[in-house]
Amino acid sequence: AQTVTQSQPEMSVQEAETVTLSCTYDTSESDYYLFWYKQPPSRQMILVIRQEAYKQQNATENRFSVNFQKAAKSFSLKISDSQLGDAAMYFCAYRGQETSGSRLTFGEGTQLTVNP
Amino acid sequence: NAGVTQTPKFQVLKTGQSMTLQCAQDMNHNSMYWYRQDPGMGLRLIYYSASEGTTDKGEVPNGYNVSRLNKREFSLRLESAAPSQTSVYFCASSGTRGGRFYGYTFGSGTRLTVV
């Protein structure tokens, strides 16, 4: 079974600085998808960024980028120029191909605090 | 606005009561899901429906039943609520773009307390 591990329960960053959140996963599949979701106090799950495993290029979305290391099964999220609105719980998630039943497996989350 | 709508947003039940959580999506997605989120944990899959007319158990299905009423709607039922079912429940749907799986869209969640 696939597992997703986020080893940092809490992280903090100063406003305007850069922070990296870590995520590792375990899978025997060769083609899959990885996601970072943001959950602010409103509880809404917001998609931050997605990565397809067959693509070697790291995904970027404005201030958010990932470092995808397929061989190491690592998928870290970098937030540049951190803003107060970035404060939230961040979840790393994995989704395999159809043999996985299209299930999304989540890590336990990293609580990010942004200090003014 | 396109998305996933789930009701109610909050609910308090007494042990043994039953209730149904409703979910509807207007994105023409084939797959729909119910997750629960407990404090300090990520979301865990309760049940999912890969397509209209099919449902399958997820990681934590005990104590729940689901109905895929049509392509838009996927409901979750607690027949006899227990305090261990106190949680935040999320409905989600997933679709494709350009023939490839794209991602999941989540509802805003239901905070359920069983006393």
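Right, let's walk through the structure included here.

With that settled, the discussion passes to the pairing of strand 3 (residues 19-25) of chain B. Residues and elements named next belong to chain B. Summarising burial for strand 3: 5 of the 7 residues are buried, a large majority. With 4 bridges joining them, strand 1 (residues 4-7) and strand 3 adopt antiparallel strand pairing. Across the sheet, the residue bridging to threonine 5 is alanine 24, located in strand 3. As paired elements, strand 3 and strand 8 (residues 74-78) share 3 bridges and run antiparallel to each other. Note on strand 8: the bridge partner recorded for methionine 19 is leucine 78.

Residue and element names in this part refer to chain B. Here strand 11 (residues 110-114) shows a clear split, with Thr110, Leu112 and Val114 buried on one side and none of Arg111 and Thr113 buried on the other. Pairing of strand 2 (residues 10-13) with strand 11 involves 4 bridges; the strand directions are parallel. When the sheet's bridge partners are listed, valine 12 is paired in strand 11 with threonine 113. Note: strand 9 (residues 87-97) against strand 11, 3 bridges, orientation antiparallel. Bridge pairing in strand 11 links serine 87 to leucine 112.

Here we take up the sheet that holds strand 7 (residues 64-68) of chain B. All names here are of chain B. Ordered by their spatial adjacency, 4 strands build an open sheet running 1-3-8-7, and the pairing between neighbours is antiparallel. Here the strands that pair on one side only, and so sit at the sheet edges, are strand 1 and strand 7. Going across the sheet, the axis of each strand differs from the next one's by a mean of 15 degrees, ignoring polarity.

It is worth spelling out the nonpolar core at this point. The biggest cluster of nonpolar side chains holds 25 residues, and the ones touching the most others in it are Tyr25(A), Trp36(A), Phe75(A), Leu77(A) and Tyr90(A). No other element matches strand 10 (residues 88-95) of chain A, which puts 4 residues into this core. Setting aside its immediate chain neighbours within four residues, Tyr25(A) contacts Thr3(A), Val4(A), Tyr32(A), Leu34(A), Phe68(A), Gln69(A), Lys70(A), Lys73(A), Ser74(A), Phe75(A) and Tyr94(A). In this structure, Val60(B), Tyr64(B), Ala81(B) and Tyr89(B) belong to the second largest nonpolar core, which totals 20 residues.

Another point: the interface of chain B and chain A. Every contact between the two is made by 27 residues of chain B and, on the other side, 21 residues of chain A. Approximately 2,000 Å² of surface area, both sides summed, lies buried where chain B meets chain A, with 48% of it carried by carbon and sulfur atoms. Together, Arg100(B), Phe101(B) and Tyr104(B) form the three largest contributors to the area buried by chain B at its contact with chain A, with a combined 30%. If you look at where chain B meets chain A, you find 0 salt bridges. For the interface between chain B and chain A, the tally reads 5 residue pairs in polar contact (both at pLDDT 80 or more). When residues of the side of chain B that touches chain A are traced back to their parent elements, those giving at least two are strand 4 (31-37), strand 5 (43-49), strand 9, strand 10 (100-106) and strand 11 of chain B. With 6 residues, the single largest contributor to the side of chain B that touches chain A is strand 10 of chain B.

Tallying each qualifying case throughout the model produces 18 aromatic pairs over all chains. Ring centres of Tyr37(A) and Phe106(A) lie 6.2 Å apart, and the angle between their planes is 50 degrees; this geometry places the pair in the tilted category. Of this pair, Tyr37(A) sits in strand 5 (residues 33-39) while Phe106(A) is found in strand 11 (residues 104-106), placing the two residues 69 residues apart along the sequence. A relative accessible area of 0% places Tyr37(A) in the buried class. Here Phe106(A) and Phe106(B) contribute two aromatic rings whose centre-to-centre distance is 6.2 Å and whose plane-to-plane angle is 65 degrees, an arrangement assigned as edge-to-face. In this pair, Phe106(A) sits in strand 11 while Phe106(B) sits in strand 10, so the two residues belong to two different chains.

The subject of this paragraph is the layout of surface pockets. If you add up the space inside the second largest pocket, you get close to 290 Å³. Gln39(A), Gln37(B), Asp38(B), Pro39(B) and Gly40(B) are, among the 15 residues lining the second largest pocket, the residues nearest its centre. Tallied by class, the residues present in the lining of the second largest pocket amount to 6 nonpolar, 6 polar and 3 charged.

The subject of this paragraph is the pattern of salt bridges. Scanning the model with the defined rule gives 7 salt bridges over all chains in all. The partner of Asp26(A) in a salt bridge is Lys73(A), with the nearest N and O atoms 3.8 Å apart. Of the two residues, Asp26(A) is situated in strand 4 (residues 24-26) and Lys73(A) in the loop between strand 8 (64-69) and strand 9 (74-79); the sequence distance between them amounts to 47 residues. Given the relative accessible area of 26%, Lys73(A) is considered partly exposed. Across the salt bridge formed by Arg36(B) and Asp38(B), the nearest N and O atoms sit 3.0 Å from each other. It is possible to trace a salt-bridge network through shared partners that takes in Arg50(A), Glu52(A) and Lys55(A).

Parameters at a glance
- Residues numbered from 1 in each chain as written.
- Chains lettered and ligands numbered in written order.
- Predicted model: local features only at pLDDT ≥ 70, side-chain atom pairs only at ≥ 80, totals over all residues.
- Heavy atoms only, no water.
- Buried < 20%, exposed > 50% of the residue type's maximum accessible area, 1.4 Å probe, protein only.
- Helix = DSSP H or I, 4+ residues; strand = E, 2+ residues; numbered from the N terminus.
- Pairing = 2+ DSSP bridges.
- Axes fitted to C-alpha atoms, helices over the stretch in contact; angles between N-to-C directions.
- Core = buried A, V, L, I, M, F, W, Y, C linked by side-chain atoms within 4.5 Å.
- Contact = heavy atoms within 4.5 Å.
- Buried area = accessible area lost by both parts, 1.4 Å probe.
- Salt bridge = Lys/Arg side-chain N within 4 Å of Asp/Glu carboxyl O.
- Polar contact = N/O pair within 3.5 Å; in protein donor to acceptor, adjacent residues only side chain to side chain.
- Phe/Tyr/Trp six-rings, centres within 6.5 Å; stacked < 30°, edge-to-face > 60°.
- 1 Å grid on protein atoms, 1.4 Å probe; cavity = no way out; pocket = protein on both sides within 12 Å on 5 of 7 lines; lining within 4 Å.
- Points joined across faces, edges and corners; volume = space filled by probe spheres on them.
- Nonpolar A, V, L, I, M, F, W, Y, C, P; charged D, E, K, R; others polar.

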